[in-house]
Amino acid sequence: MKLRTQLLLVSSISIGIIFLFLMISYMRMFIANEAIFILMTVTAVAGVISLLAHTILTRPIEKALHKITTKTKEIAKGDFTGKVPETGPYEFQQLAANINSMNEQLEESFTKLKQSEASRRDLVANISHDLRTPLASIQSFVEALQDGVVREPETYERYLETIKLETNRVSYLINDLFQLSELDSGLERFEPYPYHVDRLIIETLQHLAIQFEEHHIEVEVELSERLPAVSVMPEKIKRVFVNILQNALRFSPENSKIVIQTKCINDSFITVSIMDEGSGIAQEDQAHIFDRFYRVEKSRNPSYGGAGLGLSIAKSIVHLHGGEIGVESDVGKGSTFWFTLPIYQRKQE
């Protein structure tokens, strides 16, 4: 039975009971039959008017409930477009508002779920590609060595060196994926402590010294005076430095320069900038440069280095520390990658 029918039925029963009791009361009042007839008629007319008013007033309730029911059926089928009109009594308006809020949250959740599924497919496809290439190379060189095709010592050593390089590529990719997994899971405890930026830079440059020498790249460091300590997890921030510097190395010509600058932008953050003299990044690529597996060099040529995870990892680590990261670049004029780190604030005792 519909709600409106139930309400009308209840109203009719109530009016009938009232009419019955009034009729009994009139008959016991020992008044003239004509007066009883008039009173009964007036009472009956009042009951009919009350029933009509009840019918009219319950119509908006029925409409509001019908709209809410229709929308909830659409939501159940996965249609999150549109909203329930917030009409009718106050309680129904509140119910419609709650359903609309729930609808927006469900739409957002399903959008994220679809994006996550698309990202997962892209992740699998990209990992498959970036693993298949070095593994196929390793397999072919190993088979050549096993079959005795290579006899010259120089060629033999070159094959071994290639196998070593391809193995390192696989290792780097696995390490990057492990790092992303840790960042995404959120299970790793975030425990920053005071550390000085100059020390971070020195330790990172020591780690990359051989690579700079091989590429004949000069590194210049410009530190602001009296830099305060930053509140960071040092190993994580070193990873940010390494990823950005390795990216600069890949696209910088030999005998060029990389400049690292630091400065305080306010009492809360320090900005670190890394400038190179590379080929630069097109404007349309800058918006996606920190996306996972995004590479400016679309052919995924292994000579250009990693699998497109380094800058994405750097972004995740910087955001974990509450900082920001970005890039400024012009094609043919080099690039400047920058990120901010929170200044260590001493606790007031």
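Provided above is the structure to which this section pertains.
What counts, and where the lines are drawn
- Residues numbered from 1 in each chain as written.
- Predicted model: local features only at pLDDT ≥ 70, side-chain atom pairs only at ≥ 80, totals over all residues.
- Heavy atoms only, no water.
- Helix = DSSP H or I, 4+ residues; strand = E, 2+ residues; numbered from the N terminus.
- Expected span 1.5 Å × (residues − 1).
- Buried < 20%, exposed > 50% of the residue type's maximum accessible area, 1.4 Å probe, protein only.
- Pairing = 2+ DSSP bridges.
- Axes fitted to C-alpha atoms, helices over the stretch in contact; angles between N-to-C directions.
- Contact = heavy atoms within 4.5 Å.
- Parallel < 35°, antiparallel > 145°, perpendicular 65-115°, else oblique.
- Left-handed = near helix turned anticlockwise from the far one by under 90°.
- Nonpolar A, V, L, I, M, F, W, Y, C, P; charged D, E, K, R; others polar.

> Which residues make up helix α4 (residues 153–185), and what values do they have?
Given a rise of 1.5 Å per residue, 33 residues ought to cover 48 Å, and the 48 Å separating the end C-alpha atoms of α4 matches this to within 8%. Here α4 has its buried residues at Thr155, Tyr159, Ile163, Glu166, Val170, Leu173, Asp176, Gln179, Leu180 and Leu183.

> Any details on the sheet that holds strand β6 (residues 325–329)? Residues and values, ideally.
Pairing is mixed in the open sheet, where 5 strands are placed in the order β2-β4-β5-β7-β6. Since the sheet does not close on itself, it has two edges, and those belong to β2 (218–222) and β6, each with one partner. Put simply, the sheet's adjacent strands are angled 15° from each other on average, direction ignored. Bridging between β2 and strand β4 (residues 257–264) involves 5 bridges; their strand directions are parallel. Residue pairing for β4: glutamate 222 is matched across the bridge by glutamine 261. Where helix α6 (residues 234–251) meets the sheet, its contacts fall on β4, β5 (269–275), β6 and β7 (335–342), and the angle it forms with β7 comes to roughly 175°.

> Could you give an account of the packing of helix α5 (residues 197–215) against α6, naming the residues involved and the relevant values?
Contact pair α5 / α6: the axes reach a minimum separation of 9 Å and the direction vectors enclose 25°. When the axis of α5 is compared with that of α6, the two are roughly parallel. For the crossing formed where α5 meets α6, the hand is right-handed. In this structure, α5 uses Leu200, Ile201, Glu203, Thr204, Leu205, His207, Leu208, Gln211, Phe212 and His215 to contact α6, whose residues at the interface are Pro234, Ile237, Lys238, Phe241, Val242, Leu245, Gln246 and Leu249. Residues that form the contact of α5 with α6 fall into these classes: 11 nonpolar, 5 polar and 2 charged.

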